[in-house]
Amino acid sequence: MKISDVVAFMGHQVHVCRYREAGTLLAWMGRDLHGKRVLDVAGGDGYWAGQARRRGADAVSIDLARGKMEYGRTLAHAPALIECDALRLPFGDGSFDAILSVCAIEHFDDGGRSLDEMARVLKPGGEIFMSADVLSRADAWPKLRDAHKAKYHVQHTYTHDSLSELMDERGLDLVRHSYQFRTAATERLYLSLSTYGGKVGFNAAAPLTPLVALADRKAPNERGSIVLVQARKR
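Residues numbered from 1 in each chain as written. Predicted model: local features only at pLDDT ≥ 70, side-chain atom pairs only at ≥ 80, totals over all residues. Heavy atoms only, no water.

Colleague: Please clarify how helix H2 (residues 18-29) should be interpreted in this entry.
Modeller: Each α-helix turn comprises 3.6 residues. Residues three or four places apart therefore point the same way. Taking 1.5 Å per residue as the helical rise, H2 with its twelve residues ought to reach 16 Å, and the 16 Å between its terminal C-alpha atoms agrees with that figure. Those residues of H2 lying buried are Arg20, Glu21, Ala22, Gly23, Leu25, Leu26, Trp28 and Met29. Looking one or two places after H2, you find glycine 30, whose phi comes out positive at around 120°. (Helix = DSSP H or I, 4+ residues; strand = E, 2+ residues; numbered from the N terminus. Expected span 1.5 Å × (residues − 1). Buried < 20%, exposed > 50% of the residue type's maximum accessible area, 1.4 Å probe, protein only.)

Right under this line is the structure:
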């Protein structure tokens, strides 16, 4: 294994939330992706699209961060990496069987426009697997909320209901959803790590992942820090 793959593994999978988040979306997508064309929207270095490629997909990752994509090209299972704007995808209508987007929509000025483009390039019957910041209780900790939003350029937050409404307007039906960091304690942990810990803090907190997952299983699936959704195009 190359050093770049080790570093990518540490950054993406040894992480108190990212592996559960993206890993759940990929699990929903399926273990065998042979014959599927998958697009990762705002995929950074393309790591998660690369995991889809490992499962047999013809995978493409798009982003505007050229440095991240140049790094992604050094990974063992690098997908096709294309520098472009998520609001103006350079693909024809119905080009993809599935779309992945990990906590990206909240960073766009116009989330609806990004969904317009995702819906356009998705085949009828194709599915979107997406996560987004919710920050359900963030108003209880305004300093953490504001620091998180400023640090990660969060323009909007979403719930499964608000995403379902946006998707319905674009011919997409919500199939299922799941919240992560559902309790007040775990949501505060998430905001604290994102504000003060960054990637290093999230990785250092990785041993807490089973406890967070257990807390989530015991809490109602109604709110949290992050929402995951699966939707299908009519």
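More follows now that the structure is in view.
Colleague: What am I meant to see in the state of the cysteines here?
Modeller: Cysteine pairs can be linked by a disulfide, which is a covalent bond between their two sulfur atoms. Using the criterion set out here, one finds zero disulfides in the structure. Lacking any disulfide linkage, cysteine 84 is separated from the closest cysteine sulfur, that of cysteine 103, by 20 Å. Residue classification places cysteine 84 among the buried positions, given a relative accessible area of 10%. Sulfur of cysteine 103: no disulfide; nearest cysteine sulfur belongs to cysteine 17 and is 7.2 Å away. (Disulfide = S-S within 2.5 Å.)

Colleague: Even after reading the chapter, I still don't get the pattern of salt bridges, so can you show me in this structure?
Modeller: Scanning the entire structure with this criterion turns up 16 salt bridges. In this structure, aspartate 85 and arginine 88 form a salt bridge, with 2.8 Å as the shortest nitrogen-oxygen distance. Judged by its relative accessible area of 21%, aspartate 85 falls in the partly exposed class. The class for arginine 88 is exposed, based on a relative accessible area of 57%. A salt bridge links glutamate 117 to arginine 120, with the shortest nitrogen-to-oxygen separation between them at 2.9 Å. Here the residue glutamate 117 and the residue arginine 120 both occupy positions in helix H5 (residues 111-121), the gap between them amounting to three residues, near one helical turn. In this structure, a network of salt bridges that share partners links the residues Asp93, Glu117 and Arg120. (Salt bridge = Lys/Arg side-chain N within 4 Å of Asp/Glu carboxyl O.)

Colleague: Would you take a moment to explain the sheet that holds strand S1 (residues 37-41) for this structure?
Modeller: Remark on secondary structure: sheet strands pair via backbone hydrogen bonds, oriented parallel or antiparallel. Pairing within the open sheet is mixed, and its seven strands lie in the order S3-S2-S1-S4-S5-S7-S6. Edge positions in the sheet fall to strand S3 (80-83) and strand S6 (172-180), since each has one partner strand and no second. Strand-to-strand twist in this sheet, taken as the mean axis angle between neighbours without regard to direction, amounts to 15°. Relative to S3, strand S2 (residues 58-63) is paired through four bridges, and the arrangement is parallel. Counterpart to aspartate 63 in the pairing with S3 is glutamate 83. In this fold helix H7 (residues 160-168) packs onto strand S5 (122-133), S6 and strand S7 (226-233), with an angle of close to 160° to the strand it touches most, S6. (Pairing = 2+ DSSP bridges. Axes fitted to C-alpha atoms, helices over the stretch in contact; angles between N-to-C directions. Contact = heavy atoms within 4.5 Å.)

Colleague: Looking at this model, I keep getting lost on the environment of lysine 218. Mind explaining?
Modeller: By the element assignment, lysine 218 lies in helix H9 (residues 209-218). Residue lysine 218 is classed as exposed on the basis of its relative accessible area, which comes to 68%. The spatial distance from the C-alpha of lysine 218 to the C-alpha of arginine 182 is 9.1 Å, given a sequence separation of 36 residues.

Colleague: Can you walk me through the packing of H2 against helix H3 (residues 47-54) in this structure?
Modeller: Axes are the key here: two packed helices are described by the angle between their axes and the distance separating the axes. At a closest axis distance of 11 Å, the pairing of H2 and H3 adopts a crossing angle of 40°. Between H2 and H3, the angle is such that the two are oblique. The handedness of the crossing between H2 and H3 comes out as right-handed. Residue-level contacts link Arg18, Tyr19, Ala22 and Leu26 of H2 to Trp48, Gln51 and Ala52 of H3. For the contact of H2 with H3, the per-class residue count stands at five nonpolar, one polar and one charged. (Parallel < 35°, antiparallel > 145°, perpendicular 65-115°, else oblique. Left-handed = near helix turned anticlockwise from the far one by under 90°. Nonpolar A, V, L, I, M, F, W, Y, C, P; charged D, E, K, R; others polar.)

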